[in-house]
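Single-letter residue listing:
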Amino acid sequence: MQRSLFLSALLVAAMSVGPAVAGMKAEPLEWKVGEDGFSGWLVYDDSGDDRRPGLVMVPNWMGVTDDALERARAIAGDDYVVLVADVYGKGRQPRDSGEAGKLAGSLRGEDRGPLRARMHAALETLKAQAGRAPLDAERIGAFGFCFGGSAVLELARSGADVAGVVSLHGGLAPGAQSKTAERIAAPVLVLNGADDKAVDDAQVKAFEEEMDAAGADWQFVDFSGAVHCFAEPSAGSDPASNCRYDERAAKRGYRMMDGFFDEVFGAD
């Protein structure tokens, strides 16, 4: 996909479900963490054989939905192979925000070990697809939305050797029982709504100090007027809600994410 077309394709796909794009595949995958089964989708354009970077995508707290798959298709284009990763467990799809809150809450408590283990398993699952998809397993990154943003930050905190991670309106606070690696290897980009009531100034300051202490290559971007969920059209536009779409912030955020991955993957 030409870079000038990246954003328009992403926004169109995110806002409406249309016919399948020629050459675009979404293949189911399953893997295990211990005795627990997990599932997801491998999304890529198979119309060319060029090896391309891979991205683990963790959706918001509603898990792997049709909306998440449409966003993955648009982001993958012909530039990436994307694994839309389940971190709840096979068959544990939340039916509503109440169930989603319980499932996400069980993973983002004081002990983030289980979440980190599931993120590492998703990462290794994506790498293992190099034989079946046009994937360069030496160039792997991760990104996530809301709860998914928190999940990819835990991957970075664990010291994982990935090219970079991007959190879009994700939570910042670490778990008190889960240590941050002495050195964070992955460059980190955080895209945050400046008016997000769930992320206060103290959390931002603590996050920046945590990243500095771990020697991370980090960037933190605040979008004025934006709140939680700003990059997701499906969030709606209720002005009273702290979870709503912001077209201006979304456009800028997706451009920044695209440029970030271009840089860390050494794209031409």
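Residues numbered from 1 in each chain as written. Predicted model: local features only at pLDDT ≥ 70, side-chain atom pairs only at ≥ 80, totals over all residues. Heavy atoms only, no water.

> In this structure, what is going on with the pattern of salt bridges? I would like to understand it.
For side chains of opposite charge, pairing can occur when their charged atoms come near one another. Counted according to the given criterion, the structure contains 16 salt bridges. Asp67 serves as the salt-bridge partner of Arg71, at 3.2 Å between the closest nitrogen and oxygen. Taken together, the residues span about one helical turn, with Arg71 and Asp67 both in helix α2 (residues 66-76) at a distance of four residues. On the basis of relative accessible area, Asp67 is assigned to the partly exposed category, the value being 21%. Taking the shortest distance from any N to any O, the salt bridge between Lys251 and Glu247 comes out at 3.2 Å. Remark: Glu247 and Lys251 occur in helix α7 (residues 247-265); sequence separation between them is four residues, near one turn of the helix. By relative accessible area, which is 29% here, Lys251 ends up partly exposed. By relative accessible area, which is 43% here, Glu247 ends up partly exposed. Each of Arg112, Arg116, Glu154, Arg157 and Glu210 takes part in a single network of salt bridges with overlapping partners. (Salt bridge = Lys/Arg side-chain N within 4 Å of Asp/Glu carboxyl O. Helix = DSSP H or I, 4+ residues; strand = E, 2+ residues; numbered from the N terminus. Buried < 20%, exposed > 50% of the residue type's maximum accessible area, 1.4 Å probe, protein only.)

> Honestly, the state of the cysteines in this entry has me stumped. Any pointers?
Put plainly, a disulfide is one covalent bond tying together the sulfur atoms of two cysteines. The full count for this structure, using the stated rule, is one disulfide. Sulfur-sulfur distance for the disulfide between Cys229 and Cys243 comes to 1.9 Å. On the sign convention where negative is left-handed, the bridge of Cys229 and Cys243, at about -100 degrees about the S-S bond, is left-handed. In this pair, Cys229 sits in the loop between β8 (218-223) and α7 while Cys243 sits in the loop between β8 and α7, placing the two residues 14 residues apart along the sequence. With a relative accessible area of 31%, Cys243 lands in the partly exposed category. Unpaired in terms of disulfides, Cys146 finds its nearest cysteine sulfur in Cys229, a separation of 4.0 Å. Accessibility expressed as a relative area gives 7% for Cys146, which makes it buried. (Disulfide = S-S within 2.5 Å.)

> Even after reading the chapter, I still don't get the layout of surface pockets, so can you show me in this structure?
Space left empty within the atom packing is revealed by a probe, the size of a water molecule, rolled over the atoms. The space that makes up the largest pocket amounts to roughly 410 Å³. Lining the largest pocket are 21 residues, with Trp61, Arg108, Cys146, Phe147 and His228 positioned closest to its centre. Partitioning the lining of the largest pocket into residue classes produces eleven nonpolar, seven polar and three charged. (1 Å grid on protein atoms, 1.4 Å probe; cavity = no way out; pocket = protein on both sides within 12 Å on 5 of 7 lines; lining within 4 Å. Points joined across faces, edges and corners; volume = space filled by probe spheres on them. Nonpolar A, V, L, I, M, F, W, Y, C, P; charged D, E, K, R; others polar.)

> Just to check I follow, could you spell out the packing of aromatic side chains for this structure?
How two aromatic rings sit relative to each other is given by the distance of their centres and the angle of their planes. A full pass over the atoms with the stated rule returns eight aromatic pairs. Between Phe207 and Phe220, the aromatic rings sit 6.3 Å apart at their centres with planes inclined by 55 degrees, giving tilted as the arrangement. With a gap of 13 residues between them, Phe207 in helix α6 (residues 201-213) and Phe220 in strand β8 connect regions that are remote in the sequence. The class of Phe207 is buried, set by a relative accessible area of 1%. With a centroid separation of 5.3 Å and 65 degrees between ring planes, the pair formed by Phe223 and Phe230 is classed as edge-to-face. Each member of the pair Phe223 and Phe230 is classed as buried. Grouped by ring-pair contacts, the aromatic residues Tyr80, Phe260, Phe261 and Phe265 constitute a single cluster. Positioned above the aromatic ring of Phe145 is the side chain of Arg71, whose terminal nitrogen or guanidinium carbon lies 5.0 Å from the ring centre. (Phe/Tyr/Trp six-rings, centres within 6.5 Å; stacked < 30°, edge-to-face > 60°. Lys NZ or Arg CZ within 6 Å of the ring centre and 35° of its normal.)

> Help me understand the confidence of the model for the protein chain in this model?
Predicted coordinates in areas of low pLDDT are best not read in detail. On average, residues of the protein chain score 92 in pLDDT, and 91% of them reach the 70 mark or higher. Contacts from residues 12-20, a stretch scored under 50 in pLDDT, to residues over four places away or in other chains number eight contacts. (pLDDT = per-residue confidence, 0-100. Contact = heavy atoms within 4.5 Å.)

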